[in-house]
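Listed here are the chains, written in short residue letters.
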Amino acid sequence: MKTSRSLSIALFVALAFFQNSSLVGCTSSESRPRSDKPNIIIILTDDQPYHTLQYMPNVQSELVEKGVNFTNAYVTTPLCCPSRASILTGQYVHNHGVKTNRAPEGGATAFDDRSTLAVWLHDAGYRTGLLGKYLNGYHDLQEGYIPPGWDDWQVFVKRDPDLGFYYNYTLNENGRIVQYGRDEEDFSTDLLADRATQFIRDSSDQPFFLVFSVFAPHETYQSANRHKDLFKSLDEFERYRPPNFFEDDLTDKPAWATQIKKPDVDYVDKVYERMLRSLRSVDDAVEEILSTLEKKKIRENTFIIFMSDNGMSMGNNGVFGKNCPYDACLRVPFVVSYPPITSVPRMDEHLVLNIDIAPTLIELAGVNQSAQIDGQSFLPILSDPTAQWRDGFLIEHFQDLADVEESGLAFLIPGYIGFRTTHWKYVEYDTGERELYDLLADPFELENIASQTEYAQTIKELSEQIQVILR
């Protein structure tokens, strides 16, 4: 029986290589036999800097060392709600329309939730669950509202202004609003981890799709009590000090880069320590989830993605926050572990995006549907690093004008659109300003060369790539 199942999986993966996931055809959902349907888990953190993955020992031992660590993974818009909408739809932001974190241009009220991963997988026979953070502005929807496609819905609604969604928050628990307090057992990452393991146990023999979506390590950077004393002795060698850390000369950067308020270095260092502490409970949750899968003897048939919804600049290029077009804002930790095809761990440098998740998962599950999808399935490169793949992608940011005080960098950074390859990054702002970086010679984006005439042809070609995608 075990040999038969392994053969079925191998045949399915081989067939997947011949499918084009840029636009999946057919108008009806079709299901394959249960043995061909792997379980799917997305572990989604919030505002996690790429380089902090190294401080998560369980993620390292259970996922990185048993999977593929995509070291060039990016989000196409470096902001929570737009990126999460892209994960659920496989679309660029200009196509799904969730441009910012809040109404009227963004937030949950701007999202069309009728055609998403949850709907497609649910219709294909999956038991679906979302635990934790959904989309910013979800509290603006009708109280108790559950979007289509979700079987188990335990999602943050309101948060404490001082504690965020760590303590003193409310959850929509399948239509019932429940208030949680400030006791140790209310710490949301731990509570959601318990709910995640229960979801797995309750799924029985039905294939499941689980999004475990924690608030950590987002501001206010809270940690579980058991981790309060960690990372308080980082010496200078361990401090985060990349070459572009609070870059001194910003005269080549656009005007916004010199106008934003910059915190002092000590503050950033303290935030960094608090983020690392906050992530430790996520790391504990990973161990619990993997242990539950092992006990149910379904680890071999479970496809796991660990990632963040966007990056976070910790002083890189003078920026503390997100929304920026620099790699610190765009780049995210992204690890895939699925024993049938990731038995030999490796670091992979392909350009993998948040918009690639939806097409990958529907191909993995054998689902056919007719929605527009901009991303492409990365199943082929999981098994074959030499498989043909993209050499560039679109980045975009829409200025948030809804609330100047609340929007922060989303308001201060003008709207921009750009194109990034393994060699170049080009950015055009609504203000007419431009940035160009030679990433091979200048990986930390220190010298903007857009004004140098010898790069005019490069700019022309990259600008044309942008227009091809926007057509």
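Everything that follows concerns the structure shown earlier in this document.
Parameters at a glance
Residues numbered from 1 in each chain as written. Predicted model: local features only at pLDDT ≥ 70, side-chain atom pairs only at ≥ 80, totals over all residues. Heavy atoms only, no water. Helix = DSSP H or I, 4+ residues; strand = E, 2+ residues; numbered from the N terminus. Rg over C-alpha atoms; globule rule 2.2 N^0.38 Å. Contact = heavy atoms within 4.5 Å. Areas by Shrake-Rupley, 256 points an atom, 1.4 Å probe, with all protein chains shown as cover. Lys, Arg positive; Asp, Glu negative; His and termini not counted. Charge placed at Lys NZ, Arg CZ, Asp CG, Glu CD. Buried < 20%, exposed > 50% of the residue type's maximum accessible area, 1.4 Å probe, protein only. Pairing = 2+ DSSP bridges. Axes fitted to C-alpha atoms, helices over the stretch in contact; angles between N-to-C directions. Salt bridge = Lys/Arg side-chain N within 4 Å of Asp/Glu carboxyl O.

(A) Molecular detail of the overall build of the protein chain. Assigned secondary structure in the protein chain consists of 14 helices and 18 strands. Relative to the compact-globule value of 23 Å for 471 residues, the protein chain shows a C-alpha radius of gyration of 21 Å, a close match. The C-alpha extent of the protein chain, read off along each of the three principal axes, is 65 × 50 × 45 Å. The long-range fraction of contacts in the protein chain, counting pairs at least 24 apart against all pairs at least 6 apart in sequence, stands at 70%. Surface summary for the protein chain: the accessible area is close to 19,000 Å², and the carbon and sulfur share equals 48%. One finds the centroid of the 43 positive side-chain charges in the protein chain at a distance of 5 Å from the centroid of its 69 negative side-chain charges.

(B) Looking closely at the pairing of strand E5 (residues 152-156). Burial runs high along E5: five of the five residues are buried. Covered by surrounding structure in E5 are Asp-152, Gln-154 and Phe-156 together with Trp-153 and Val-155, the residues of both alternating faces. By the bridge criterion, four bridges tie strand E4 (residues 127-132) to E5 in an arrangement that is parallel. Across the sheet, the residue bridging to Gly-132 is Val-155, located in E5.

(C) Spotlight on the sheet that holds strand E13 (residues 346-348). As summarised here, the arrangement of the 10 strands in space is E7-E6-E5-E4-E8-E1-E9-E12-E2-E13, forming an open sheet in which the pairing is mixed. Here the strands that pair on one side only, and so sit at the sheet edges, are strand E7 (176-179) and E13. Taken pair by pair, the neighbouring strands of this sheet meet at an average axis angle of 15°, ignoring direction. Sheet topology note: the strand E9 (residues 302-308)/strand E12 (residues 334-337) ladder contains four bridges and is antiparallel. Counted as the bridge partner of Ile-305 is Val-336 from E12. Sheet contacts for helix H10 (residues 357-365): strand E1 (39-45), strand E8 (208-213), E9 and E12; angle to E9, the most-contacted strand, approximately 175°.

(D) Quick look at the pattern of salt bridges. Using the criterion set out here, one finds 23 salt bridges in the structure. Linking Asp-112 and Arg-114 is a salt bridge whose minimum nitrogen-to-oxygen distance equals 2.8 Å. Arg-114 gets classed as exposed once you look at its relative accessible area, which sits at 62%. In this structure, Glu-445 and Lys-425 form a salt bridge, with 2.6 Å as the shortest nitrogen-oxygen distance. Placement of Glu-445 in the loop between strand E18 (434-438) and helix H14 (456-470) and of Lys-425 in strand E17 (residues 424-429) is noted, with a sequence separation of 20 residues between them. Among the charged side chains, a salt-bridge network with shared partners connects Asp-46, Arg-84, Lys-133 and Asp-309.

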